[in-house]
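Examining the three-dimensional arrangement
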Amino acid sequence: MAKSKWHDGSKTTTERGYGYQWQKLRKLVLQRDSYLCQECYSKKKLTPATDVDHIKPKSAGGTDHEDNLQSLCKPCHDLKTSLESGARPAIIPNFQKKPLIPVILVCGPSGAGKSTYVKHNAGSHDLILDLDEILARISGQELHTDYDRYLKMAIQERNSRLGALANPSQYHCCWLIVGAPTYSERRKWKESLNADVIILMPSESACKERVKNRDKYRNWDTIIDTWFQKYSQGRDETIIKT
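Worth saying up front: this structure is predicted, and the values here are computed from it rather than measured.

Criteria and thresholds
- Residues numbered from 1 in each chain as written.
- Predicted model: local features only at pLDDT ≥ 70, side-chain atom pairs only at ≥ 80, totals over all residues.
- Heavy atoms only, no water.
- pLDDT = per-residue confidence, 0-100.
- Helix = DSSP H or I, 4+ residues; strand = E, 2+ residues; numbered from the N terminus.
- Buried < 20%, exposed > 50% of the residue type's maximum accessible area, 1.4 Å probe, protein only.
- Contact = heavy atoms within 4.5 Å.
- Pairing = 2+ DSSP bridges.
- Axes fitted to C-alpha atoms, helices over the stretch in contact; angles between N-to-C directions.
- Core = buried A, V, L, I, M, F, W, Y, C linked by side-chain atoms within 4.5 Å.
- Salt bridge = Lys/Arg side-chain N within 4 Å of Asp/Glu carboxyl O.

**What to know about the confidence of the model for the protein**
Per-residue confidence for the protein gives a mean pLDDT of 85; residues scoring 70 or more make up 83%. Between the elements of the protein, mean pLDDT differs from a low of 74, seen in helix α3 (residues 74-85), to a high of 98, seen in strand β5 (residues 174-177).

**Some words on the side chain of Asp53**
Relative to the elements of secondary structure, Asp53 occurs in strand β1 (residues 51-54). The exposure class assigned to Asp53 is buried, which follows from its relative accessible area of 4%. Look past the residues within four positions of Asp53 in its chain and what remains in contact with it is Asn68, Leu69, Gln70, Leu72, His77 and Lys80.

**With respect to the sheet that holds strand β3 (residues 103-107)**
Whether parallel or antiparallel, the strands of a sheet pair through hydrogen bonds between backbone atoms. The sheet built from five strands is open, its strands ordered β4-β5-β3-β6-β7 with parallel pairing. Only two strands of the sheet have a single partner each, and these edge strands are β4 (127-130) and β7 (238-240). Strand-to-strand twist across the sheet, computed as the mean angle between neighbouring axes with direction ignored, equals 20 degrees. Sheet analysis places β3 next to β5, joined by four bridges and oriented parallel. For Val106, the partnering residue across the bridge sits in β5 and is Ile177. In the packing of helix α6 (residues 151-163) onto the sheet, contacts are made with β4 and β5, and the angle to β4 comes to roughly 150 degrees.

**Examining the nonpolar core**
Leu105, Leu162, Cys174, Leu176 and Leu193 are the most contacted members of the largest nonpolar core, which totals 25 residues. When residues of this core are traced back to their parent elements, those giving at least two are β3, β4, β5, α7 (183-193), β6 (196-200), α8 (204-211) and α9 (220-230). Residue contributions to this core peak at four residues, all from α9. If we ignore the near neighbours within four places in the chain, the residues touching Leu193 are Phe95, Pro99, Val103, Leu162 and Leu176. If you look at the next biggest cluster of nonpolar residues, it comprises ten residues, including Ile104, Ala122, Ile177 and Ile198.

**Observations concerning the pattern of salt bridges**
One pass over the full model with this rule turns up eight salt bridges. For Glu133, the salt bridge goes to Lys119, with nearest N and O atoms at 3.1 Å. Residue Glu133 is located in helix α5 (residues 131-139), and its partner Lys119 is located in helix α4 (residues 114-121); the two are separated by 14 residues in the primary sequence. Residues Lys212 and Glu209 are paired through a salt bridge, measuring 2.7 Å at the closest nitrogen-oxygen approach. Accessibility expressed as a relative area gives 46% for Lys212, which makes it partly exposed. Classification of Glu209 by relative accessible area gives partly exposed; the value is 47%.

Written out as structure tokens, the structure reads:
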């Protein structure tokens with residue numbers, strides 16, 4: 001596939017339109033936006049901006065006019081760029097560099113109490129990554145509601161934050177919440193992140209009782225039945241009956 005001229009690695013930043021004039025314009029836009037990520041700000045979250053983004057990409061005919069520029073934090077900028085490229089994020093990414101902190105993978109069916117378990121056990125300096133919570137924040141909807149169109153964005157953000165753990169950070173440990181009913185899935189996560197694995201294993205009936213008041217967009221009984229049908233036990237995994 002031919003590369004876009006805007007992403008041709010053989011060209012300098014000046015040749016791609018990001019020389020001295022761009023740096024001046026970048027500074028003006030950051031000052032205009034009070035050095036705050038505009039995507040986060042739209043969600044009532046204050047995050048320092050580090051990047052200036054073309055709202056309509058240059059590859060799609062966007063210009064350097066200030067009206068087409070916005071300040072973003074790096075995670076939001078990376079996410080937007082990925083979505084614009086049409087790239088499909090990997091459900092279980094294969095990171096070249098492993099996290100510098102311990103990662104604990106907490107698995108189980110819907111209704112197993114994964115989020116509650118993690119919140120009770122995580123420390124104040126730990127990072128908790130739960131796809132449902134990321135989806136809720138991005139979509140502006142409550143947890144477990146129908147937001148399938150935001151799924152790609154949520155997976156990309158989760159994977160980006162996991163990848164960032166290969167660099168020094170403020171966190172002491174990462175708790176990653178996933179379903180992962182099969183040993184094969186859990187093994188891939190384990191190898192990708194050097195993770196320890198915990199499986200919360202209530203009965204099917206207990207899970208169904210816990211989710212009965214959730215939204216009606218999904219057939220929770222079927223989702224829970226499917227998890228138990230797919231479940232396969234592995235080695236070196238901690239199973240907790242809940």
